[in-house]
Amino acid sequence: MLQKNQLVEMTCENFGKDAEGVCRHEGIAVFVKGMLPGETAMVRITKTEKRYAYGRIDQLLTKSPERRDPFCPIYKRCGGCSCQHMTYEASLEYKRTQVESLISRVGKVDISLPPVLGMDKPFAYRNKASYPVSTEEGHPVCGFYASRSHSVIPLPENGCPLQASASTAAIHTILSWMKSHHIPVYNELTGKGLIRHIVTRSASDGKLMIILVSTNLSLPHKDSLIDSLRQNIPEMASLYVSLQDEKTNVILGQTNLLVWGEKELFTSLLGFTFTVSPLSFFQVNPLQTQKLYSLALEFADLHGTENVVDAYCGTGTISLLCAPKAKHVTGIEIISDAIADAHRNAVQNNITNADFICGASEDVLPRLVADGMSPDVIILDPPRKGCERSVLEAILASQPDRIVYVSCDPATLARDIQFLTGGPDYQVSRIQSVDMFCWTSSVETVVLLSKGEVDSKKIRV
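Note that this is a predicted model, so its numbers are computed, not measured. (Residues numbered from 1 in each chain as written. Predicted model: local features only at pLDDT ≥ 70, side-chain atom pairs only at ≥ 80, totals over all residues. Heavy atoms only, no water.)

## Structural notes on the side chain of Arg-402
Step number 1: In this structure, Arg-402 sits in strand β20 (residues 402-407).
Step number 2: Residue Arg-402 is classed as buried on the basis of its relative accessible area, which comes to 15%.
Step number 3: For Arg-402, the contacting residues outside a window of four places in its chain are Phe-299, Ala-300, Asp-301, Glu-306, Asp-376, Val-377, Ile-378, Leu-448, Leu-449 and Ser-450. (Helix = DSSP H or I, 4+ residues; strand = E, 2+ residues; numbered from the N terminus. Buried < 20%, exposed > 50% of the residue type's maximum accessible area, 1.4 Å probe, protein only. Contact = heavy atoms within 4.5 Å.)

Structure below.
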């Protein structure tokens, strides 16, 4: 039986779900962060449970050829990335095997996934960042949370390599303003203080929106902050204050006050223009979003005659991309602000054959189907928890020709695929993963489920 602090020589067999190495000792799985398959190491046991344990590398005895030095100086402490200790190609293969294994084991579909679609340059790709603010030696700092904690790891001087340089410059300017004017940092334990987070959002034209998350809409020394930001951040187009005075992990509040600049930014995607506001949802990797949504459109195979339902439609991005190729599109989304953005996006893109319903997909879709709606194509882009059973049952009852499922969580995707393909009506006919979140363990996957038998039981796309 393994004991805490015990030192054991182990060989890594495969990856866990968060890119940690999985070793085995006398039948017990041991999860070791930063260890790669094929490597042998002296592992120090850090925590034990009945059927598994956790450990850390004490001494690496044999190295995988896919190991690389992390490019970020705070990688080992920061909880943002989990794959920087391996080559980018290895991270893509890890994600491919994770999706393939889950869909095979949980989804009960015999598949061989194609390579994950990666990026040529997987750096500075994010158009949004949320930095928690804390204090260190009495001074304000911001960065990202350490893994499984709310302990802030301060950003390195050059910022996060996955963020744009303008975002880093904005952070340094705001921290200097806070230090100069003794602006109090919010304390999670006491609930006192002012500044909680700094959020930056960028549009396709390079314009930057800066959002200070605060416990009060009134900012002291506001003019000094605006002057400093305008002088140091030529890309800045907007400065907002977001009121968040509740004890919660939700970053942005519902009240957002424009302090300076443009009320909204506009970003382009596949020939369409979409509104960017403090609360609007938009994928964080613009280049990979084009690949992801292009796949969804390709899988939908629209010819101008189809009625389409886009469940979990958010701000209507996929709905509006489908509209010119469809007869009619109905989007469903529970967040009212997102529905308002969807209507606004439809107007500014001259889309007249799309409507949007505010409500939970698990309530709205079954009601529409019960009332006689029979869509030709249903598109699903649910949150990480996947689809509610009532959504899947409504889909099977409505019998669309095609189901396009866009997923950010392979486990819930596999579960939902198993339900949808459990009967004789639908089979997985195409599947492709896209690396939206480079150097992390996350991956997006698009699946096409079609009626009838596919050409081969073992799918290769």
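Resuming the write-up.
## With respect to the sheet that holds β20
Backbone-to-backbone hydrogen bonds join strands into a sheet, with any given pair of strands oriented parallel or antiparallel.
Step number 1: With respect to topology, 7 strands assemble into an open sheet ordered β18-β17-β16-β19-β20-β22-β21, the strand pairing being mixed. Each having just a single partner strand, β18 (354-358) and β21 (426-434) make up the two edges of the open sheet. Taking each pair of neighbouring strands and ignoring which way they run, the sheet shows an average axis angle of 15 degrees.
Step number 2: Of the pairings in the sheet, the one linking strand β16 (residues 307-311) to strand β17 (residues 328-333) comprises 5 bridges and is parallel in character. From the neighbouring strand, Asp-310 faces β17, where its bridge partner is Gly-331.
Step number 3: Packed on one face of the sheet, helix α4 (residues 286-300) meets β19 (377-380), β20, β21 and β22 (444-451) and runs near 165 degrees to β21.
Step number 4: Along the sheet, helix α6 (residues 336-348) contacts β17 and β18; its crossing angle with β18, the most-contacted strand, is approximately 170 degrees. (Pairing = 2+ DSSP bridges. Axes fitted to C-alpha atoms, helices over the stretch in contact; angles between N-to-C directions.)

## Points about the sheet that holds strand β9 (residues 152-154)
Step number 1: One open sheet holds the 7 strands; their spatial order is β9-β8-β7-β10-β11-β12-β13, and the pairing between them is mixed. Across the chains shown, the open sheet's two edge strands, defined by having one partner strand only, are β9 and β13 (255-261). Taken pair by pair, the neighbouring strands of this sheet meet at an average axis angle of 35 degrees, ignoring direction.
Step number 2: Across 6 bridges, strand β12 (residues 236-243) lies against β13 in antiparallel orientation. Each bridged residue has a counterpart across the sheet, and for Tyr-240 the counterpart in β13 is Leu-258.
Step number 3: Here helix α3 (residues 222-232) sits on the sheet in contact with β11 (208-214), β12 and β13, set at roughly 145 degrees to β12.

## Quick notes on the environment of Asn-232
Step number 1: Counting through the fold element by element, Asn-232 comes out in helix α3.
Step number 2: When its relative accessible area of 42% is taken as the criterion, Asn-232 is described as partly exposed.
Step number 3: For the pair formed by Asn-232 and Thr-173, sequence separation is 59 residues and the distance between their alpha carbons is 7.3 Å.

## Brief notes about the packing of aromatic side chains
Step number 1: Inspection of every chain in the model, using the stated rule, returns 11 aromatic pairs.
Step number 2: Between Phe-31 and Tyr-52, the ring centres sit 6.1 Å apart and the planes meet at 70 degrees, which makes this aromatic pair edge-to-face. Residue Phe-31 is found in strand β3 (residues 28-32), and its partner Tyr-52 is found in strand β5 (residues 52-62); the two are separated by 21 residues along the sequence.
Step number 3: On the basis of relative accessibility, which here comes to 21%, the residue Phe-31 falls in the partly exposed class.
Step number 4: Aromatic side chains Tyr-52 and Tyr-54 sit 5.8 Å apart centroid to centroid with 90 degrees between the ring planes, which places their arrangement in the edge-to-face category.
Step number 5: The class for Tyr-52 is partly exposed, based on a relative accessible area of 32%.
Step number 6: On the accessibility criterion, Tyr-54 (30% relative accessible area) is partly exposed.
Step number 7: Among the aromatic side chains, those forming a connected cluster through ring pairs are Phe-71, Tyr-88, Phe-123 and Trp-439.
Step number 8: One cation-aromatic arrangement involves Arg-196 over Tyr-186; the distance from NZ or CZ to the ring centre is 4.0 Å. (Phe/Tyr/Trp six-rings, centres within 6.5 Å; stacked < 30°, edge-to-face > 60°. Lys NZ or Arg CZ within 6 Å of the ring centre and 35° of its normal.)

## Structural notes on the pairing of strand β4 (residues 40-48)
Along any regular strand, the residues point their side chains to alternate faces of the sheet.
Step number 1: Looking at chain direction, strand β1 (residues 7-15) and β4 are connected through 5 bridges and run antiparallel. Each residue of the ladder has a partner; that of Val-8, found in β4, is Val-43.
Step number 2: Where β4 hands over to β5, the hairpin turn is made up of 3 residues, counted between the paired strands.

## Some details on the nonpolar core
Step number 1: Counting 116 residues, the largest nonpolar core has Ile-103, Ile-174, Met-178, Leu-380 and Ile-395 as its most contacted members.
Step number 2: Residues contacting Ile-174, with those up to four places away along its chain left out, are Ile-198, Ile-210, Leu-212, Leu-225 and Leu-229.
Step number 3: Counting residues in hydrophobic clusters, the runner-up holds 13 residues, among them Val-8, Cys-23, Ala-41 and Val-43. (Core = buried A, V, L, I, M, F, W, Y, C linked by side-chain atoms within 4.5 Å.)

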